[in-house]
Amino acid sequence: QVQLVESGGGLVQAGGSLRLSCAASGRTFSSYAMGWFRQALGKEREFVVAISRAGGATYSADSVKGRFTISRDNAKNAVYLQMNSLKPEDTAVYYCAATRRPYSTRGYEYDYWGQGTQVTVSS
């Protein structure tokens, strides 16, 4: 079992930056590929970014490509989401998730989820 706890959300102006962190419990963190998803008000949850188990490969949704970067530190059981050039449409609850698959961009393929952290981007 894996428990995930996100932090770092908040209010930021358009064009600004935020760095989200996700701390994982257990000693098998490196066995999981990790992803970030988000859900805006009135919308379905959507894929944002993912990273392979060793961190050698990353995947990004077109909407955030070039602005968001995912990284992980397996020694610290942590994954991060660096968000730059934020836009109002990035406003959402952001979720950290873990999957036993080598990687995945599909929410239903993830096995564990954090509680989410709110990111609000104002004009």
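Given the structure is predicted, the values throughout are model-derived calculations rather than measurements.

Engineer: Explain the sheet that holds strand E3 (residues 18-24) to me, using residue names and the numbers behind them.
Structural biologist: Read across the sheet, 4 strands follow the order E1-E3-E8-E7 without closing on themselves; strand pairing throughout is antiparallel. The open sheet terminates on both sides in strands that have one partner only, identified here as strand E1 (4-7) and strand E7 (68-73). Across the sheet, the mean angle separating the axes of adjacent strands is 15 degrees when strand polarity is ignored.

Engineer: With reference to specific residues and values, describe the pattern of salt bridges.
Structural biologist: In the structure shown here, the tally under the stated rule is 7 salt bridges. With its nearest N and O atoms 2.7 Å apart, the salt bridge here joins Asp 90 to Arg 67. With Asp 90 in the loop between strand E8 (78-83) and strand E9 (92-99) and Arg 67 in the loop between strand E6 (58-60) and E7, this residue pair connects regions lying 23 residues apart in the sequence. Side by side, Asp 90 and Arg 67 carry an identical accessibility label, which is buried.

Engineer: Tell me about the packing of aromatic side chains, residues and numbers included.
Structural biologist: Tallied over the entire structure, the rule returns 6 aromatic pairs. Pairing Tyr 32 with Tyr 112 gives two aromatic rings, centres 5.9 Å apart and planes at 75 degrees, and the pair type is edge-to-face. Of the two residues, Tyr 32 is situated in the loop between E3 and strand E4 (33-39) and Tyr 112 in strand E10 (residues 112-113); the sequence distance between them amounts to 80 residues. Of the two residues examined, Tyr 32 and Tyr 112, each falls in the buried class. Centroid distance Tyr 59 to Tyr 103: 3.9 Å. Interplanar angle 15 degrees. Geometry classified as stacked. On the criterion of sequence distance, the pair formed by Tyr 59 in strand E6 and Tyr 103 in the loop between E9 and E10 is long-range, its members being 44 residues apart.

Engineer: Lay out the pairing of E7 in plain terms, naming residues and giving numbers.
Structural biologist: Going residue by residue along E7, you find Phe 68, Ile 70 and Arg 72 tucked away on one face and Thr 69, Ser 71 and Asp 73 left uncovered on the opposite face. Where E7 and E8 come together, 6 bridges link them in antiparallel fashion. Bridging from a neighbouring strand, Arg 72 pairs with Val 79 of E8. Hairpin connection, E7 to E8: the antiparallel pair is bridged by 4 residues, and Asn 77 has positive phi, about 50 degrees.

Engineer: Got a sec to walk through the environment of Val 5? Specific residues and values, please.
Structural biologist: Relative to the helices and strands, Val 5 is located in strand E1. We classify Val 5 as partly exposed; its relative accessible area is 47%. Taking C-alpha positions, Val 5 is 8.1 Å from Ser 21, a pair spaced 16 residues apart along the chain. Excluding its chain neighbours within four sequence positions, the residues that come into contact with Val 5 are Ser 21, Cys 22, Ala 23 and Gln 115.

Engineer: Give a detailed account of the state of the cysteines, specifying residues and quantitative values.
Structural biologist: Across all of its chains, the model carries 1 disulfide by this definition. Here Cys 22 engages in a disulfide with Cys 96; their sulfurs sit 2.1 Å apart. Across the disulfide from Cys 22 to Cys 96, rotation about the S-S bond amounts to roughly -80 degrees, and the bridge is consequently left-handed. Of the two residues, Cys 22 sits in strand E3 while Cys 96 sits in strand E9, which places them 74 residues apart along the sequence. For Cys 22, a relative accessible area of 1% corresponds to the buried category.

Cut-offs and rules
- Residues numbered from 1 in each chain as written.
- Predicted model: local features only at pLDDT ≥ 70, side-chain atom pairs only at ≥ 80, totals over all residues.
- Heavy atoms only, no water.
- Pairing = 2+ DSSP bridges.
- Helix = DSSP H or I, 4+ residues; strand = E, 2+ residues; numbered from the N terminus.
- Axes fitted to C-alpha atoms, helices over the stretch in contact; angles between N-to-C directions.
- Salt bridge = Lys/Arg side-chain N within 4 Å of Asp/Glu carboxyl O.
- Buried < 20%, exposed > 50% of the residue type's maximum accessible area, 1.4 Å probe, protein only.
- Phe/Tyr/Trp six-rings, centres within 6.5 Å; stacked < 30°, edge-to-face > 60°.
- Contact = heavy atoms within 4.5 Å.
- Disulfide = S-S within 2.5 Å.

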